[in-house]
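# Structure at a glance
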Amino acid sequence: MTRRDPSPPSPWSLSSVGLYLALVAAALLRFWPLGAHLPFSPGVDEPEVMERAVRMMKTGELNPHFFDYPSLYIYVEGAASTVRFLVGATQGLWNGLGHAP
């Protein structure tokens, strides 16, 4: 009985090419619309969420009093806005929350 030496599969086999094409198609579908409507076209819900996040920054109260969207999203926006405000304040772009855009 003779043993065959198993060779590694070719990276260009039919199944591998299909996988590569599916990954490229998925990447194109995912990354194609990323730049659409930016930087000055907010979504319908963005003003609602940012209003609550900025109010939480100004008052220091962590209750968003708004539960149409998940609260974690509002907290993440509030944290990102706080970091952006602090960076801008250290660069002298604004002196208080009233001056920040």
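Right above here is the structure, for reference.
Predicted, not measured: the structure shown is a model, and the values here were computed from it. (Residues numbered from 1 in each chain as written. Predicted model: local features only at pLDDT ≥ 70, side-chain atom pairs only at ≥ 80, totals over all residues. Heavy atoms only, no water.)

### Here we look at the overall build of the chain
Of the regular secondary structure elements, the chain holds 3 helices and 0 strands. The helix and strand sequence of the chain, counted from the amino end, reads α-α-α. Across the 101 residues in the chain, those meeting the buried criterion constitute 14%. Residue pairs in contact within the chain that sit at least 24 positions apart in sequence constitute 28% of those at least 6 positions apart. (Helix = DSSP H or I, 4+ residues; strand = E, 2+ residues; numbered from the N terminus. Buried < 20%, exposed > 50% of the residue type's maximum accessible area, 1.4 Å probe, protein only. Contact = heavy atoms within 4.5 Å.)

### A word on the side chain of Ser81
Checked against the element boundaries, Ser81 lands in helix α3 (residues 71–90). Polar contacts involving the side chain of Ser81 include one to the main-chain carbonyl oxygen of Glu77, which spans 2.8 Å. What Ser81 contacts, discounting residues up to four positions off in sequence, is Met50 and Met57. (Polar contact = N/O pair within 3.5 Å; in protein donor to acceptor, adjacent residues only side chain to side chain.)

### Some words on unusual backbone geometry
Despite not being glycine, His65 has its phi angle at roughly 55 degrees, a positive value. Mapped onto the elements of the fold, His65 is located in the loop between α2 (46–59) and α3. Using a relative accessible area of 47% as the deciding quantity, one classes His65 as partly exposed.

### Considering the pattern of salt bridges
Taken as a whole, this structure holds 1 salt bridge when the rule is applied. Glu48 serves as the salt-bridge partner of Arg52, at 2.7 Å between the closest nitrogen and oxygen. Here Glu48 and Arg52 lie together in helix α2, a separation of 4 residues that amounts to about one turn. Exposure remark for Glu48: the relative accessible area of 34% places this residue in the partly exposed category. (Salt bridge = Lys/Arg side-chain N within 4 Å of Asp/Glu carboxyl O.)

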